[in-house]
Every structure is written in C-alpha cells, then in structure tokens.
Amino acid sequence: QVQLVESGGGLVQAGGSLRLSCAASGRTFMGWFRQAPGKERDLVAAISVNGGNIYYVNSVKGRFTISRDNAKNTVYLQMNSLKPEDTAVYYCAAGLGGSYGYTSTRRAEYTYWGQGTQVTVSS
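Reference entry: report on the structure contained in this document. Please read all numbers here as calculations on a predicted model, not as lab measurements.

## Focus: the nonpolar core
Thought 1: Ranked by size, the top nonpolar core spans 28 residues in total, and within it L4, L77, M79 and Y90 carry the most contacts.
Thought 2: When residues of this core are traced back to their parent elements, those giving at least two are β3 (18-24), β4 (29-35), β5 (42-47), β7 (64-69), β8 (74-79), β9 (88-95) and β11 (117-122).
Thought 3: Not counting residues up to four positions away in its chain, the partners in contact with L4 are C22, A23, A24, M30, C92, A93, A94, Y112, W113, G114 and Q115.
Thought 4: Membership of the second largest hydrophobic core comes to 6 residues, among which are F29, L43, A46 and A93.

Shown next as structure tokens:
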C-alpha cells in the first residue's frame, strides 16, 4: 500500500511561485494532476522512479518543474510564473510497475492518490 501526503498549496498572486510536496511511501512513478471546478482531472507532470524520464503538459512547460528526492521519498512540483488559469486542486498520484525509467501519461495507470491541495492564483 502506497500512502501519499501532499503539502504546499495556497493563495498566490499571478506571476508568483509555489512548491508542492508529496511524501510517498514506496518506489513508484509519480504524477501531479490538477482539477479545476467543472473540469476533468488532468495530468500536469510526471516523473519516473529514477527521475530520468519526465513529462510536462504543454501549458506548464518552462514554468513548472517536477523532481524527486528518493532518499526522502518525496516528489516536488515547483510552480513559477503562475497564472490564474493554474487555479485548481492539485493531486499527486503514484503508479506501480515498469522499469525505474518508466512513467505514464495515462490517468488509469495511477493507482494511489493524495487528498489534494488547493492552489489559487489571483489576477
């Protein structure tokens, strides 16, 4: 059983930064998803166990950085140049299987989910 605990959300002005953290209890590929009101939960970024395979959705490329510290069992999402359209509940998620270089863009492959943390960007 993989347990995920998120932290780091909050309210920030447009152009500001936030860092989300997710403490994970196992060696899994990880993803950060977000869900705005009335919208689906979509993948924002994903990272493999070894950190060598990383994916970003186009809308956050150049602004967000996903990373992990396996010694601390923690995955981070550094969010810079935040925009009002980044406002959402952010969830970390974990999936099992594949090689240490594997990650996934498919929501169905993520088995474990955190409770979510609210990120609000004011204009």
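## Examining the packing of aromatic side chains
Thought 1: Tallied over the entire structure, the rule returns 4 aromatic pairs.
Thought 2: The interplanar angle of 80° and the centroid separation of 5.3 Å between the aromatic rings of F29 and Y102 together place this pair among those described as edge-to-face. One end of the pair, F29, is in strand β4; the other, Y102, is in the loop between β9 and β10 (112-113), with 73 residues separating them in the sequence.
Thought 3: Centre to centre, the rings of F29 and Y110 are 5.2 Å apart; their planes meet at 80°, and the pair counts as edge-to-face. Taken together, the positions of F29 in strand β4 and Y110 in the loop between β9 and β10 put the pair 81 residues apart, joining distant regions of the chain. In terms of burial, F29 and Y110 fall into one category: buried.
Thought 4: A connected cluster of aromatic rings, assembled from ring pairs, spans F29, F33, Y102, Y110 and W113.
Thought 5: We note R41 situated over the ring of Y91; from NZ or CZ to the ring centre the distance is 3.6 Å.
Thought 6: One Lys or Arg, R41, reaches over the ring of W113 and ends 5.1 Å from the middle of that ring.

## Notes on the side chain of T103
Thought 1: Here T103 shows up in the loop between β9 and β10.
Thought 2: With relative accessibility at 12%, the residue T103 sits in the buried group.
Thought 3: At 3.4 Å, the side chain of T103 forms a polar contact with the backbone oxygen of I47.
Thought 4: Once you skip the residues sitting within four places of it in the chain, T103 turns out to touch F29, M30, A46, I47, S48, N53 and Y110.

Rules and cut-offs
Residues numbered from 1 in each chain as written. Predicted model: local features only at pLDDT ≥ 70, side-chain atom pairs only at ≥ 80, totals over all residues. Heavy atoms only, no water. Core = buried A, V, L, I, M, F, W, Y, C linked by side-chain atoms within 4.5 Å. Buried < 20%, exposed > 50% of the residue type's maximum accessible area, 1.4 Å probe, protein only. Helix = DSSP H or I, 4+ residues; strand = E, 2+ residues; numbered from the N terminus. Contact = heavy atoms within 4.5 Å. Phe/Tyr/Trp six-rings, centres within 6.5 Å; stacked < 30°, edge-to-face > 60°. Lys NZ or Arg CZ within 6 Å of the ring centre and 35° of its normal. Polar contact = N/O pair within 3.5 Å; in protein donor to acceptor, adjacent residues only side chain to side chain.

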